[in-house]
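The primary structure of each chain is shown beneath.
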Amino acid sequence: MNNEKKLNKLILNKAVQLLAQRDHSSYELSQKITFFFTKKQQSTDEEYHDQLAKLKTEIRDVIEDCINQNWINDEKYIEKYIVMRANKGYGKYKIAMELKQRGLSVDLSQQQLQMANINWGNLAYEQLLKKLKQIDSKNNNKKQKGIQFLMARGYTQDDIKTAYNLLT
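(A) Seen up close, unusual backbone geometry. Phi at Asn 70 is positive, roughly 65°, even though this residue is not glycine. If you trace the backbone, Asn 70 turns up in the loop between α3 (45-68) and α4 (74-87). Residue class for Asn 70 comes out exposed when judged on its relative accessible area of 54%.

(B) Structural detail: the side chain of Gln 127. Considering the arrangement of structural elements, one finds Gln 127 in helix α7 (residues 120-132). Those residues in contact with Gln 127, other than ones at most four positions away along the chain, are Gly 89, Phe 149, Leu 150, Arg 153 and Tyr 155.

(C) Highlighting a positive patch on the surface. There is a patch of like positive charges on the surface, built from Lys 130, Lys 131, Lys 133, Lys 142 and Lys 145. Where the positive patch is concerned, the elements lending two or more residues are α7 and α8 (140-152). Among the structural elements, Lys 131 can be located in helix α7.

(D) Geometry of the nonpolar core. Ile 82, Ile 95, Leu 99, Trp 120, Leu 150 and Tyr 155 are the most contacted members of the largest nonpolar core, which has 24 residues in total. Of all the elements in the fold, those that place two or more residues in this core are α4, α5 (92-101), α6 (106-115), α7, α8 and α9 (157-167). Excluding residues within four positions of it along the chain, Leu 150 makes contact with Ala 124, Gln 127, Leu 128, Tyr 155, Ile 160 and Ala 163.

(E) Inspection of the pattern of salt bridges at higher detail. Scanning the entire structure with this criterion turns up three salt bridges. In this structure, Arg 22 engages Glu 28 in a salt bridge whose closest nitrogen and oxygen atoms are separated by 2.7 Å. Arg 22 gets classed as partly exposed once you look at its relative accessible area, which sits at 36%. Residues Lys 80 and Asp 23 are paired through a salt bridge, measuring 2.7 Å at the closest nitrogen-oxygen approach. In this pair, Lys 80 sits in helix α4 while Asp 23 sits in the loop between α1 (3-21) and α2 (26-40), placing the two residues 57 residues apart along the sequence.

(F) The arrangement of the packing of α4 against α5 in detail. One way to put it is that α4 packs onto α5 with a least axis distance of 10 Å and a crossing angle of 135°. Relative to α5, the element α4 is oriented oblique. Of the two possible hands of crossing, α4 and α5 adopt the one that is right-handed. Residue-level contacts link Ile 78, Tyr 81, Ile 82, Arg 85 and Ala 86 of α4 to Ile 95, Glu 98 and Leu 99 of α5. In the contact of α4 with α5, the residues fall into six nonpolar, no polar and two charged.

(G) The arrangement of the packing of aromatic side chains in detail. Inspection of the entire model under this criterion finds two aromatic pairs. When the ring of Phe 36 is compared with that of Phe 37, the centres are 5.1 Å apart and the planes differ by 90°; the resulting orientation is edge-to-face. Judged by relative accessible area, Phe 36 falls into the partly exposed class, the value being 24%. Note on Phe 37: relative accessible area 9%, which makes it buried. Ring centres of Tyr 77 and Tyr 81 lie 6.2 Å apart, and the angle between their planes is 20°; this geometry places the pair in the stacked category. Highlighted residues: Tyr 77 and Tyr 81, both in helix α4, separated by four residues, approximately one helical turn. As far as the burial class goes, Tyr 77 and Tyr 81 line up, both buried. Against the face of Phe 36 rests Lys 14, its NZ or CZ located 3.9 Å from the ring centre.

What counts, and at which threshold
- Residues numbered from 1 in each chain as written.
- Predicted model: local features only at pLDDT ≥ 70, side-chain atom pairs only at ≥ 80, totals over all residues.
- Heavy atoms only, no water.
- Helix = DSSP H or I, 4+ residues; strand = E, 2+ residues; numbered from the N terminus.
- Buried < 20%, exposed > 50% of the residue type's maximum accessible area, 1.4 Å probe, protein only.
- Contact = heavy atoms within 4.5 Å.
- Patch = residues over 30% accessible without salt bridge, like charges linked within 9 Å, V, L, I, M, F, W, Y side chains within 5 Å.
- Areas by Shrake-Rupley, 256 points an atom, 1.4 Å probe, with all protein chains shown as cover.
- Salt bridge = Lys/Arg side-chain N within 4 Å of Asp/Glu carboxyl O.
- Lys, Arg positive; Asp, Glu negative; His and termini not counted.
- Charge placed at Lys NZ, Arg CZ, Asp CG, Glu CD.
- Core = buried A, V, L, I, M, F, W, Y, C linked by side-chain atoms within 4.5 Å.
- Axes fitted to C-alpha atoms, helices over the stretch in contact; angles between N-to-C directions.
- Parallel < 35°, antiparallel > 145°, perpendicular 65-115°, else oblique.
- Left-handed = near helix turned anticlockwise from the far one by under 90°.
- Nonpolar A, V, L, I, M, F, W, Y, C, P; charged D, E, K, R; others polar.
- Phe/Tyr/Trp six-rings, centres within 6.5 Å; stacked < 30°, edge-to-face > 60°.
- Lys NZ or Arg CZ within 6 Å of the ring centre and 35° of its normal.

Dropping the structure here:
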C-alpha cells in the first residue's frame, strides 16, 4: 500500500471514529483531523509545508467522501444545533453567531433559522419568566434587566417585544 493510500485510510478511520462519538459539521471534522495529524508530524521546516499541503488535500477528499456517504450533512447539523440551543433558551442571534464560529455557512444557517418551527417570542417569554420569577412590568429597572438578559441570550428586538407583550 503506498503512502497516500495509507494516509487516506488513516484519515478516514479518524473521521469515522469522531463521527461515531457525535455529529460534526464538515468544517469541525476537518479542523479536528488536521489538528490530530499535524501533532503527529515529525519533519523539518521545509518538509512541513509540503506535508501539510498533502495532508489538507487528503483531508478534503475524505470529508467529501463522508458528505457523499451522508455521514456528514451540514444542513441537518445546523437544524439539530438550532433545536438544541433553542431548547437551552437561546435566541436567533446567539445561535447564528455560534454556527458561524463553527465554520458553517451563514446563508444556510439563516435559512435554517427562518425555517425552524420555533416560536422565538414565546421562548423569550419563557426565559424571562424563569429569570425574573414574577415581573412587575411597571418596575422599569426590572424591565431593563429583563431586556438586557434577553439581548445577551441572543433574542431579536421583535422577540423581546413579544415576550413583554405576553407579560401584560
